[in-house]
Amino acid sequence: MTRKVLVSGGTSGIGAGIAQAFRDHGDSVIAVGLAGPELDTAAKDGAFRGITLKALDVSDQQAVDDLAGSLGDLDVLVNCAGMIRRMAEYEMATFLKVLDVNLSGTMRLCMACKPQLAARRGAIVNMASMLSFFGGPAVPAYSASKGGVMQLTKSLAVAWAKEGIRVNAVAPGWIATPLTQALQDDAARSQVILDRTPMARWGTPADVAKAVLFLASDKADFITGAILPVDGGYAAM
Ligand code: NAP
């Protein structure tokens, strides 16, 4: 059966890898990202062939509701949109913005898509992080948002199980994407990451996508409320 899949943050990095993996699996995929040059570039990129690309700011309630209302059926929602602002997150306006995108944006899409997902007994996969489990002194808002995503995932899993919606999350470790480009480019800091990661390599969007496809599939049909690390063993140490 061809499923309809919506991936927020699906125009870049991990989300793009997830959108492409569902497309390669034969699903019908809508990938959304912020309007702007990244979306324009993605639209011209052959790697997105067969994927419907749309603009969506997950911090815009009306835009989220409009998109959800235009979808028709929906089988899988993947909440991957995210931002990080590091030390600027100690400024209150930035702190609130990161929370609004990473945590409230996830809740907005979950709520807006709930009727369609319930009708199809569908699945949600959210994007947590190692920083759902650990504190991050250089990223207070990002860490708080990802801790929140973990608890939101568990709460919605419990609340919506009777309606047939499974809600899980993946918690990626260090994944090579534009979000982590500065760290990848810094040989000393990259080495610290590799030394701390038992499997001693950066993860790829494809590594995360495989776990997301599993959680969204009927192979996981008795799994809900789980937070699955995809981190080469980082959180096990
Ligand atoms: P990325 O390449 O920067 O992708 C982030 C995506 O989120 C982009 O598609 C971006 O759209 C979108 N986005 C940002 N703000 C948005 C908004 N307000 N509304 C809608 N979309 C928005 O970073 P990534 O590494 O793939 O991160 C994807 C997710 O994985 C994030 O939730 C991140 O926290 C999580 N994660 C990443 C890592 C890692 O090591 N990379 C580890 C753990 C968790 P544009 O491209 O249009 O700006």
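Worth saying up front: this structure is predicted, and the values here are computed from it rather than measured.

1. With respect to the site of the ligand
As a matter of local geometry, the ligand sits amid 28 residues, with S12, I14, V58, Y142 and T177 nearest to it. Here an oxygen atom of the ligand and a backbone polar atom of G173 are 3.3 Å apart. Contact with the protein chains removes 92% of the 900 Å² of surface that the ligand exposes when unbound. Residue assignment for the shell around the ligand shows that the elements contributing at least two residues are α1 (13-25) and α5 (140-160).

2. Here's the deal with the pattern of salt bridges
Overall, the coordinates contain 7 salt bridges when judged by the stated rule. As a salt-bridge pair, D75 and R120 come within 2.9 Å of each other at their nearest N and O atoms. Pair noted here: D75 is in the loop between α3 (61-70) and β4 (76-79) and R120 is in the loop between α4 (92-119) and β5 (123-127), with a separation of 45 residues, a long-range link. You can call D75 buried: its relative accessible area is 6%. Residue R120 is classed as partly exposed on the basis of its relative accessible area, which comes to 32%.

3. Considerations on the sheet that holds strand β2 (residues 28-33)
Strands sit in the order β3-β2-β1-β4-β5-β6-β7 across an open sheet of 7 strands; the sheet is parallel. The open sheet terminates on both sides in strands that have one partner only, identified here as β3 (52-55) and β7 (227-230). The sheet shows a mean angle of 20 degrees between the axes of neighbouring strands, direction not considered. Bridging between β5 and strand β6 (residues 166-172) involves 5 bridges; their strand directions are parallel.

4. Let's talk about the packing of α4 against α5
For the pair α4 and α5, the least separation of the axes is 8 Å and the interaxial angle reads 20 degrees. As judged from the angle between their axes, α4 and α5 are roughly parallel. Seen from above, α4 lies across α5 with right-handed handedness. Contact with α4, carried on its side by F95, V98, L99, N102, L103, T106, M107, C110, M111 and K114, involves P140, A141, Y142, A144, S145, K146, G148, V149, L152, L156 and W160 of α5 and no other residues of that element. Looking at the contact of α4 with α5 residue by residue, the classes come out as 15 nonpolar, 4 polar and 2 charged.

Calculation criteria
Residues numbered from 1 in each chain as written. Predicted model: local features only at pLDDT ≥ 70, side-chain atom pairs only at ≥ 80, totals over all residues. Heavy atoms only, no water. Near = heavy atom within 4 Å. Polar contact = N/O pair within 3.5 Å; in protein donor to acceptor, adjacent residues only side chain to side chain. Areas by Shrake-Rupley, 256 points an atom, 1.4 Å probe, with all protein chains shown as cover. Helix = DSSP H or I, 4+ residues; strand = E, 2+ residues; numbered from the N terminus. Salt bridge = Lys/Arg side-chain N within 4 Å of Asp/Glu carboxyl O. Buried < 20%, exposed > 50% of the residue type's maximum accessible area, 1.4 Å probe, protein only. Pairing = 2+ DSSP bridges. Axes fitted to C-alpha atoms, helices over the stretch in contact; angles between N-to-C directions. Parallel < 35°, antiparallel > 145°, perpendicular 65-115°, else oblique. Left-handed = near helix turned anticlockwise from the far one by under 90°. Contact = heavy atoms within 4.5 Å. Nonpolar A, V, L, I, M, F, W, Y, C, P; charged D, E, K, R; others polar.

Read these as spatial facts, not as claims about activity.
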